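The residues making up each chain are set out below.
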Amino acid sequence: MKPEWRKAKLGEVASIVGGGTPKTSIPEYWEPKELKWVTAKDVSECPTSKIYDTERKISFLGLEKSSAKILPPLTTVLIARGATMGKVVMVAESMAMNQSCYGIVPKKGYDPRFLFYQMFSKFHQLRLMANGSVFDTVIGSGLSNLEVVVPSLPIQKRIADILGSLDDKIELNRRMNETL
């Protein structure tokens, strides 16, 4: 390994944030629809690296009365359980998420897009980490201990720029195909 790269635990370079669901029996938690709310279904059905919209929205009151938190733009959202466990996307704007997902919010000095690509590359490793009797599940403590390899911030940004430009081209081609 080159000297400008180092091994770290994911919990050292990012905060692992759990999601939450407002009580569905309280309409005021769901109306007005003020905040996009990411679910595992949204992540699994997202055809690109970024999620722009969600099937469901919650109110700010619902956010306040649940364990859901607002994720900053470019946070990686990871499906933590079920058949699509391990799939990741980045939120394109501030959004909240439900408890079947984890948000991976980079700490200062780490590029959010680089961490997304790092997590994207760990899909099979995440699947191997999962356990559970009903649903395969990755737990936050296991996720915090996941080993990642990180270079200096300028190298992270350069790698993220290159991979991001490829993702942008893929997204453009996908939209053109939909139009056609």
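For clarity, every value in this text was computed on a predicted model and none was experimentally measured.

1. Quick word on the sheet that holds strand E7 (residues 88-91)
Reasoning step 1: Reading across from one edge, E2-E9-E6-E7-E4 is the order of the five strands in this open sheet, with mixed pairing throughout. Taken across any chain shown, the strands that pair with only one partner, and hence form the sheet edges, are strand E2 (14-18) and strand E4 (50-51).
Reasoning step 2: Judged from the two bridges that link them, E4 and E7 form a sheet pairing that is parallel. Within E7, the position partnered with Ile51 by the bridge is Val91.

2. Overview of the side chain of Lys122
Reasoning step 1: Within the fold, Lys122 resides in the loop between helix H4 (112-120) and helix H5 (123-129).
Reasoning step 2: Comment: no salt bridge for buried Lys122; closest opposite-charge side chain is Glu147, at 6.7 Å.

3. Topic: the pairing of strand E10 (residues 147-150)
The two faces of a sheet get side chains in turn, since along a regular strand they alternate between them.
Reasoning step 1: The alternating pattern of E10 places Val148 and Val150 on a buried face and Glu147 and Val149 on a face that is not buried.
Reasoning step 2: Note that strand E1 (residues 6-9) and E10 share four bridges and pair antiparallel. Following the sheet pairing, Lys7 is matched in E10 by Val149.

4. Section: the layout of surface pockets
Reasoning step 1: The volume enclosed by the largest pocket comes to roughly 210 Å³.
Reasoning step 2: Around the largest pocket, the lining residues are Cys46, Pro47, Thr48, Ser49, Lys87, Val88, Phe116, Tyr117, Phe120, Asp167, Ile170 and Glu171.
Reasoning step 3: Contributions of two or more residues to the lining of the largest pocket are made by H4 and helix H7 (153-179).
Reasoning step 4: Grouping the amino acids of the lining of the largest pocket by side-chain chemistry returns seven nonpolar, two polar and three charged.

5. Remarks on the nonpolar core
Reasoning step 1: One finds Leu10, Val13, Leu78, Met119 and Leu143 to be the most contacted residues of the largest nonpolar core, which totals 25 residues.
Reasoning step 2: When residues of this core are traced back to their parent elements, those giving at least two are helix H1 (10-13), E7, strand E9 (101-106), H4 and E10.
Reasoning step 3: The biggest single contributor to this core is H4, with five residues.
Reasoning step 4: The contact partners of Met119, leaving out residues within four places of it in the chain, are Leu10, Thr76, Val88, Ile104, Leu126, Leu143 and Leu146.
Reasoning step 5: Val17, Ala40, Cys46 and Ile51 belong to the second largest nonpolar core, which has 15 residues in total.

6. Examining the side chain of Lys57
Reasoning step 1: You can see Lys57 is positioned in strand E5 (residues 56-58).
Reasoning step 2: At 2.9 Å, the side chain of Lys57 and the side chain of Asp53 are in polar contact.
Reasoning step 3: A distance of 2.7 Å separates the side chain of Lys57 from the backbone oxygen of Thr54, its partner in a polar contact.
Reasoning step 4: Discounting residues that sit within four places of it in the chain, Lys57 has contacts with Trp30, Lys33, Glu34, Leu35, Lys36 and Trp37.

7. Topic: the pattern of salt bridges
Reasoning step 1: Inspection of the entire model under this criterion finds 11 salt bridges.
Reasoning step 2: The residue Glu12 makes a salt bridge to Arg6 at a minimum N-O spacing of 4.0 Å.
Reasoning step 3: With a shortest N-O distance of 2.9 Å, Asp161 and Arg113 are connected by a salt bridge. Of this pair, Asp161 sits in helix H7 while Arg113 sits in helix H4; the two residues are 48 residues apart in sequence, bridging distant segments of the chain.
Reasoning step 4: One continuous salt-bridge network, built from bridges that share partners, spans Asp111, Arg113, Lys157 and Asp161.

The rules behind the values
Residues numbered from 1 in each chain as written. Predicted model: local features only at pLDDT ≥ 70, side-chain atom pairs only at ≥ 80, totals over all residues. Heavy atoms only, no water. Pairing = 2+ DSSP bridges. Helix = DSSP H or I, 4+ residues; strand = E, 2+ residues; numbered from the N terminus. Buried < 20%, exposed > 50% of the residue type's maximum accessible area, 1.4 Å probe, protein only. Lys, Arg positive; Asp, Glu negative; His and termini not counted. Salt bridge = Lys/Arg side-chain N within 4 Å of Asp/Glu carboxyl O. 1 Å grid on protein atoms, 1.4 Å probe; cavity = no way out; pocket = protein on both sides within 12 Å on 5 of 7 lines; lining within 4 Å. Points joined across faces, edges and corners; volume = space filled by probe spheres on them. Nonpolar A, V, L, I, M, F, W, Y, C, P; charged D, E, K, R; others polar. Core = buried A, V, L, I, M, F, W, Y, C linked by side-chain atoms within 4.5 Å. Contact = heavy atoms within 4.5 Å. Polar contact = N/O pair within 3.5 Å; in protein donor to acceptor, adjacent residues only side chain to side chain.

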